[in-house]
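Reading the structure
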Amino acid sequence: MKRILLSLSVFCTGFLAFSQNTNHHKIMDKSNTTIIINKNPKALFDPTPFAFSHSTTNEVDGKYVFISGQSGGEDLKHSLSKDFRTQVKYSLKNLETVLADYGLGVQDVLKVTVLIVDHDQEKLKIWTEEMHKSWGNHQFPASTLIPVPRLALDDMLIEVDATAFIKK
């Protein structure tokens, strides 16, 4: 029931984001990167300190890149640390590796979905700190964090998937 209410809440928030006057930031194109517009409606709280935007879109022709969930696996053997922060750092590093294979960076990400095992406020704090480090001065993507009891492999503590955009 909580998950249904959370989904309804997210849907309603998303609806409000598109129906309100918004404060938005446009990332201008100076090379072969995407023009992404981040919108944070003034009627909603400022999500920037929490490392996300309420919504993102783009204004150019191109194609989307859907990136599967990246775990905190550290090497080709997918070694998983028992430390949550270490897994967060590697999940973001692995995401950046996939982006780079397309010639993209974090600035081209429109949306991330984060799955955290046994989520709590300390894990949220760590996630937020590492997002700020990884994203630097870029605008944050739209984001959904979903607490889960378990992920695909034993010892996986986090998984991050993303949708990015490549401009034609």
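A short tour of the structure in this document, coming up. (Residues numbered from 1 in each chain as written. Predicted model: local features only at pLDDT ≥ 70, side-chain atom pairs only at ≥ 80, totals over all residues. Heavy atoms only, no water.)

1. Looking at helix α2 (residues 84–101)
Compared with an ideal rise of 1.5 Å per residue, which puts 18 residues at 26 Å, α2 spans 26 Å between its outermost C-alpha atoms and is within 8% of the ideal. For α2, the complete set of buried residues consists of F84, Q87, V88, S91, L92, N94, L95 and L99. Seen end-on, α2 carries its buried residues on one side only, within an arc spanning 155°. Among the exposed residues of α2, those pointing more than 90 degrees away from its buried face are T97 and D101. Residues of α2 that are buried in the fold lie against β4 (62–71), β5 (109–117), α3 (121–135) and β7 (158–167). Of the residues flanking the end of α2, it is G103, one or two places downstream, whose phi is positive at about 75°. (Helix = DSSP H or I, 4+ residues; strand = E, 2+ residues; numbered from the N terminus. Expected span 1.5 Å × (residues − 1). Buried < 20%, exposed > 50% of the residue type's maximum accessible area, 1.4 Å probe, protein only. Arc of directions from axis to C-beta. Contact = heavy atoms within 4.5 Å.)

2. Considering the nonpolar core
A general feature of soluble globular proteins is that nonpolar side chains tend to end up buried together. Membership of the largest hydrophobic core comes to 25 residues, with the highest contact counts inside it found for L99, W127, W135 and I158. Elements represented by at least two residues in this core include exactly β4, α2, β5, α3 and β7. Those residues within four positions of W135 in sequence are excluded, and the remaining contacts are L92, L95, V106, V109, V112, F140 and P141. (Core = buried A, V, L, I, M, F, W, Y, C linked by side-chain atoms within 4.5 Å.)

3. Things to note about the environment of F45
For F45, the position within the fold is in the loop between β2 (36–41) and β3 (55–58). The class of F45 is partly exposed, set by a relative accessible area of 47%. With residues up to four places along the chain from it excluded, the contact list for F45 reads F50, F52 and H54.

4. Description of the environment of G69
Structurally, G69 is set in strand β4. G69 sits in the partly exposed class, given a relative accessible area of 30%. With 91 residues separating them along the chain, G69 and V160 place their C-alpha atoms 4.7 Å apart. Excluding anything up to four places from it in sequence, G69 contacts E159, V160 and D161.

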